[in-house]
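# A structural walkthrough
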Amino acid sequence: MEREIRVGLCGCGVIGEGVVTTLLQHADIIGKRVGAPLRLAAVADKDSARLDIVRAQDPSISLIDDAFEIVTRDDVDVVVELIGGVEVADRLVRAALDAKKHVVTANKALLADRGGALFALAEANGCDLYFEAAVAGSIPAIRVIRESLAADRILSVRGIINGTSNYILSSMANDGAAFDDALKAAQQAGFAEANPTLDITGGDAGHKLAILAALAFGARVRPGEIPTEGIENVDPRDIQYARNFGYVIRPLAVAERLETGALDLRVHPALVPVRDPLAHVDGALNAVAIQGAMVGPSFLAGLGAGAAPTAVSVVGDIIDIAKNALAGAPVRTWSLPSDGAPEIQAIADLSSRYYLRFSVRDESGVLATLSGKLGNSGISIEKMVQDAATGDAGAASIAMLTHHAREGDLRDSLHAIDNTHLTTAPTHLIRIVE
Ligand code: HSE
């Protein structure tokens, strides 16, 4: 008799519901691709209303309120962890691996924090632990770096890997939306994390970057070690000035191997030139741009958040595991490779071009003093515009782009400038990435 592969789903929120829909609606094509039926045997969620939605789609699925019951069920071969968070998810994945179940997770916070130990446990138990949906939703960034480019030496990975932040900045730029309204829309569309602070402060992108850095550079990086800034301080005036200078503001994550061997890792909003492909990645789209020593540039783009795109990645992992299991293949444990903890470049040592917006008193001599102070610190101005008293009350705005500067030197200079009577509000700084 033809064998079937049985799936147990833990967590039926936005992505979980997408997984249920994908497994049920695409059962035929999935079955053909696997070579056997992929059956959703059980779904667990504490919220009975969510389980009612599943029941309405297929009454034969076992519905449970305790996710820990899924992992010990005899009728489950693959456990899908979509409960999110770290502590409970960690215990759940461990319990599943200890019960010799294969696991698929979309949990970037869990992998960034506990990935090393979990992959070791998976290997010890002869189980798979797949995680394509943990980074950039529908984009197969994990497979491309881990498998397609396995023969190359990765030089850099740059990307837009938080859909909520990109959606907010795009809505502000394209539709003039207010930050809070754009965030609400991103939450309603199912892009944001349960705690959207993780999205807008860069924490979610930091988790994903830690995973990408492990895959690309074998670097064991704790998310807390990555210099991280969110998009919460991007002002509509910055978006407008950037546009006039020929740039778009995007929420970027950067991982680059420097000649010194250290890693340049950072998450922050950045000015991207309009001619750069990343400038065209709008809304909830994500992109991952990889530079390989031999392949040169690769550019992947697609929806990085939302139920259906993320669910397709989750189910793709289940299909991979199912095919291996049916073929009787030994488990190919895909860990987060680690050559140990790398040196991470201090952000003060970054050499970059910068966008600056000063709020200054509208009086004679201010511009000369300001450019003099920057010049004394070796900061060279590339372009500049001044607008009379449109910003903070009684203040003029001066926006400028600098040539390359060491960030520590620039910040020292700005600190000195902001401590004079010249400025009426702290100066805004946004890095330029090109
Ligand atoms: N909250 C995440 C985002 C979901 O906005 O990108 C996908 O990981």
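Just so we're clear, the structure is a prediction, and the values are computed from it rather than from any experiment.

## With respect to the overall build of the protein chain
The helix and strand inventory of the protein chain stands at 15 helices and 16 strands. Viewed in the frame of its principal axes, the protein chain has a C-alpha envelope of about 85 × 45 × 35 Å. The buried share of the protein chain, taken over its 434 residues, is 53%. For the protein chain, contacts bridging at least 24 residues in sequence account for 73% of all contacts bridging at least 6. Split by element, the accessible area of the protein chain, about 17,800 Å² in all, is 51% carbon and sulfur.

## Some words on helix α11 (residues 203-217)
Helix length check: α11 (15 residues) gives 20 Å between terminal C-alpha atoms against 21 Å at 1.5 Å per residue, within 8%. Most of α11 is tucked away, with 14 of its 15 residues classed as buried. Positive phi appears at Gly218, one or two residues downstream of α11, with a value of about 65 degrees.

## Thoughts on the domain arrangement of the protein chain
For the protein chain, the assigned domains are domain 1 (5-137 + 307-327), domain 2 (141-302) and domain 3 (347-432). Using C-alpha coordinates to define each centre, domain 1 is positioned 51 Å away from domain 3.

## Observations concerning the pairing of strand β7 (residues 154-160)
Buried residues dominate β7, accounting for five of its seven residues. Pairing between β7 and strand β10 (residues 285-292): six bridges, direction antiparallel. Looking across to β10, one finds that Arg158 is bridged to Ala289. Sheet analysis places β7 next to strand β8 (residues 247-257), joined by four bridges and oriented antiparallel. What sits directly across from Arg158, in β8, is Val254.

## What to know about the packing of aromatic side chains
All told, the structure shown has two aromatic pairs when counted by the stated rule. Ring centres of Phe119 and Phe131 lie 5.4 Å apart, and the angle between their planes is 65 degrees; on these two criteria the pair is classed as edge-to-face. Within this pair, whereas Phe119 is found in helix α6 (residues 108-124), its partner Phe131 is found in the loop between β6 (129-130) and α7 (141-148), the two being separated by twelve residues in sequence. Here the guanidinium or amino end of Arg146 rests over the ring plane of Tyr130, the centre of that ring lying 5.8 Å away.

## Regarding the pattern of salt bridges
It is possible for side chains of opposite charge to pair when their charged atoms get near one another. Going through the model one piece at a time under the given rule, you end up with 32 salt bridges. The partner of Arg50 in a salt bridge is Asp47, and the shortest N-O contact between them spans 3.9 Å. The class for Arg50 is partly exposed, based on a relative accessible area of 33%.

## Quick notes on the side chain of Ser156
Positionally, Ser156 belongs in strand β7. Given the relative accessible area of 11%, Ser156 is considered buried. Excluding anything up to four places from it in sequence, Ser156 contacts Phe217, Ala255, Glu256, Ala289, Ile290 and Gln291.

So, how was this worked out
- Numbering of residues begins from 1 in every chain and follows the order in which that chain's sequence is written.
- Only residues with pLDDT of at least 70 are given local features in this predicted model, and only at 80 or more are side-chain atom pairs given and counted; all residues enter the totals for whole chains, interfaces and linings.
- For the side-chain quantities, the full set of heavy atoms in the structure was used; hydrogens and water were omitted.
- Counting from the N terminus, the helices are DSSP H or I runs at least four residues long and the strands are E runs at least two residues long.
- Exposed residues in this analysis have more than 50% of their type's maximum accessible area, buried residues have under 20%, and partly exposed residues fall in between, with area computed by a 1.4 Å probe over protein chains only.
- It only takes one pair of heavy atoms within 4.5 Å for two residues to be counted as in contact.
- Per-residue and other accessible areas were derived by the Shrake-Rupley procedure at a 1.4 Å probe size, with only the shown protein chains allowed to occlude residues.
- What a helix is expected to span follows from its residue count: subtract one and scale by 1.5 Å.
- Boundaries between domains were set according to an automatic or database domain assignment.
- For two strands to be treated as a pair, DSSP must find no fewer than two bridges joining them.
- Each Phe, Tyr or Trp ring, with Trp reduced to its six-membered ring, pairs with another whose centre is within 6.5 Å; inter-plane angles below 30 degrees give stacked pairs, above 60 give edge-to-face pairs, and intermediate values give tilted ones.
- Here, a charge over a ring means that NZ of Lys or CZ of Arg falls within 6 Å of the ring centre while also lying within 35 degrees of the ring normal.
- Salt bridges are identified by distance alone: a Lys or Arg side-chain nitrogen within 4 Å of an Asp or Glu carboxyl oxygen.

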